[in-house]
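Structural characterization, general
So you can see what is in the structure, the chains are spelled out below.
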Amino acid sequence: MQPLFKDPIALSAKGAVHASRVAVESGAVSLGKTALNLGASSYTLDPAGRDDVALSISGQDINLDHFTGKKVEAEPEDKVQAPVAPAKPAAQAMQESLKKLNLPVDLTLKAALKNVTMQGVTYGALDIDGSLKGGMLDLKTASLTDPQGNVMRASGVVKDLPGLGGVDITLGGKTGDGAAFLSSFKVDTEKLPKDFGPLDLSVSLTGEKPDALAFNANAKALGGEGQANGMLLNALAAKPAVDKLSLRVTHPNFEQLAQKFNPAYKAGVGIRKDMDVYANINMESDGYSLSGLKAAIGGMDLTGAVKANTSGAKPDITANLQAGTVPLDILSGKNKTAKTTGNSPATSKVTASGENVRWSRNAINTAWMQAFNLDLKVNAKAVEYGHWVLNDTAFGATLKDGVLDIGQMDARVYGGTMALTANLKSTGKERDPLSFAVKSNFKDVALEPLAASFSGAKVIKARGNVSLDLDASSTGISPAALISGLTGKGDVNGRNVVVQGFDLAAMSRSLVSTNKVFDNISGLAGAAFSGGETAFEKIEGPFTIAEGVVKFDNLQMTGPTANIANKGTISLPRWYIDMNSTIDLAQPEDAPNLDVRFQGPLDNPGNTFAGQAMESYINTRVNQKLQKVIGEKLGDKNPELNTLLNSVLGGGNAPAPAPAPVQAAPAPTPQQQAAPVQEQQIAPSSGEAAPAPQPQEPAPAPAEKQLSPEEQIMKGVLEGILKQ
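A brief report on the enclosed structure follows.

What counts, and at which threshold
Numbering of residues starts from 1 in every chain and runs along the sequence as written. Only residues with pLDDT of at least 70 are given local features in this predicted model, and only at 80 or more are side-chain atom pairs given and counted; all residues enter the totals for whole chains, interfaces and linings. Excluded from the side-chain calculations are hydrogens and water; all other atoms, namely the structure's heavy atoms, are used. When accessible area is computed with a 1.4 Å probe and restricted to protein chains, residues below 20% of their type maximum are described as buried, those above 50% as exposed, and intermediate ones as partly exposed. Secondary structure elements are defined from DSSP: runs of H or I of at least 4 residues count as helices, runs of E of at least 2 residues count as strands, and each element is numbered from the N terminus. As used in this record, nonpolar core signifies buried Ala, Val, Leu, Ile, Met, Phe, Trp, Tyr and Cys residues forming a set joined through side-chain atoms within 4.5 Å. Only heavy atoms matter for contacts: two residues are in contact if any of them lie within 4.5 Å across the pair. In this scheme Phe, Tyr and Trp rings, the latter by its six-membered ring, pair at centre separations within 6.5 Å, and the angle between planes marks the pair as stacked below 30 degrees, edge-to-face above 60, and tilted otherwise. Remark: a charge is flagged as sitting over a ring if the NZ atom of Lys or the CZ atom of Arg is within 6 Å of the ring centre and within 35 degrees of the ring normal. Here a strand pair is declared whenever DSSP counts at least two bridges between the two strands.

Turning our attention to helix α7 (residues 447-455). Inspection of α7 places L447, L450, A451, A452, S453 and S455 among the buried residues, and these make up the whole buried set. Looking one or two residues past α7, G456 carries a phi angle of roughly 85°, positive in sign.

Put into structure tokens, the structure is as follows:
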């Protein structure tokens, strides 16, 4: 039999010795270099049973590894490692450790030790107040404090410590570094945030056998709080199982919680930040089931059930969820773009070289598509993403071995409906491309918000509904590659649409009205496109997509005041539109077409007018009008002037009229007599005296200037034109 202690023992004590009991009031014990102080202690003999020891000790600089024989030394890096024996099963190792605590005596211990070394780690303090009698552990309190102030506590009763039976115990800890605290208990902390921060943990365990222990846990960490209760099955197994788990997690700001795991996450300022998630988790024969899910995250309410089959090579998850309004972009950390207008384009990223990049060129991580299989059904009151608002959304999708099939995505959209199906495929290998195909149908959807959702800005103001069909596909490793590789086709049609911002009827009225014949095309077009509205009975046309460029060969807009033929492209990779619109006015019937070119960023294009034909048309009308009025006013009175004006106004090519006989001008009538001319006063020459000023009568009011016959004719021409 080996001695209990290998170091020499020295004992000094003050107390009393009785026939079967030794009582110590105070004293000191030296175990080699280790010194302990004794408080009120005793040793009582029990001939019929187990002796009883009551021990009160205190001390510092205690190396428990020295007494247990465990050596923890740093080994040189170049040392050849000896073969490592296979690790014992956790249950066996724990039971062997517990059996070592089966002392030959009953022990009541009060210990207050400072700077205690265990398992090669030096702790600041070890405090124990409890007893171990006949295999029953009764801890009033026990705590272990490290130099950083982290505290681990335990209290309670274990009736059968070697067999871990009859458990009613509470474990807990408080630390400023939760990750390090968990790591000391061999918990994998690889996926925890580096700045995990403080942790306050409390766990209570109750049960008669280790096969089924009821637990209740509370943890305060990462600024929030988690509560869990359930059953711990096979506590001594290598991987204990959990059943009948009720879990609740609360946090005052889920954005801050998400930023612990993803510092770049931004949830936006327009929603509540609090989070409250509750669920019941039960163990099934092939996995786990989650029921009674109730979650409130940032104003989004979520309920439903989830089941996970973990018996296969990868988890098979089935979920049926119901949600309120889901701000998908905000919850996923993609800031909702501020509402924009045509003068306020949506923003895009600019690289260090100044290049404008709307679509990310980073490879899409599709490893998650191979990590599990999924059968998901979601019904949501509304789903918001960017400028899209999908009401009464019904979503159904399956994911199996890297293939995601979206079999249903139906919703009410801007007064109409949307139906979408899609398929995504991924190998899950790094740098392997992702491929997708999508078919969508928008029926009787309000044009203005639909255009804003696609472009990210209010580029058009309109009333009326349109329908849109789209069939597209692409393959690429990044969002930029997917957009650049987009191919497909579709068509758009609408009925009874009123487009605001331009008034083609006003342009027609201006051209028909003779009061406006002096306006040039820039003035007319500027007026027509500066307000008002134009109605169209029908909008329809197909389009194609190649390399991310949407091409319209003939998008027709037919209306009572004008027809517009649109032809051009929308480049999604460049986010650029180049569209030519040819306007055919219903009135005047002989008016030529007006070409308008829309060019620039898709969310803020400019427009230019190609109005040479219309300018020529207006000039011709002006000349015709002037010639008509001049002819009516001049007649045969002054053929030379008539011929001259016709030549200037463009009528010089017409045959000149025969010269009229020259007649003497008639004698002026009294009304045509010229006003008397006042004599001009001549200043006196040098050396002459100026005549004395004479008193003058007030000058009579000047007579109205008499116009010559030619001036009267021109006045009549202009008045006649302006009165038309």
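Okay, back to it.
Right, let's talk about the nonpolar core for a bit. L113, L390, V413, F552, I570 and I583 are the most contacted members of the largest nonpolar core, which totals 98 residues. In this structure, L390 is in contact with K381, A382, V383, M409, A411, R412, V413 and M418, ignoring residues within four places of it in sequence. Core analysis: the next-biggest nonpolar cluster, separate from the first, contains 19 residues, L137, L139, V158 and L245 among them.

One pass over the full model with this rule turns up 6 aromatic pairs. Summarising the aromatic geometry, the rings of W388 and Y414 are spaced 6.4 Å apart at their centres and angled 20° between planes, so their arrangement reads as stacked. One end of the pair, W388, is in strand β22 (residues 388-400); the other, Y414, is in the loop between β23 (403-413) and β24 (416-425), and 26 residues separate them in sequence. Ring pairs connect the aromatic residues W388, Y414, F442 and F454, which therefore count as one cluster. When the ring centre of Y576 is taken as reference, the NZ or CZ atom of R574 above it lies at 4.5 Å.

Sheet topology places strand β8 (residues 136-145) next to strand β9 (residues 151-160); 7 bridges connect them, and they run antiparallel. Residue pairing for β9: D138 is matched across the bridge by V157. Relative to strand β10 (residues 165-175), β9 runs antiparallel, the two being bridged by 9 bridges. Note on β10: the bridge partner recorded for V157 is D168. Here β9 folds back onto β10, and the loop between the two strands holds 4 residues, one of which, L164, carries a positive phi near 50°.

Most of the time, phi is negative for any residue but glycine, and the peptide bond is trans. For the bond from Q587 to P588, the omega torsion is -10°, close enough to zero to count as cis. The topology assignment puts P588 in the loop between β31 (576-585) and β32 (594-601). Here the phi dihedral of Y414 falls at roughly 50°; this positive angle occurs in a residue that is not glycine. Phi is positive for D444, which is not a glycine, with a value near 55°. With respect to the helices and strands, the residue D444 is situated in strand β25 (residues 434-446).

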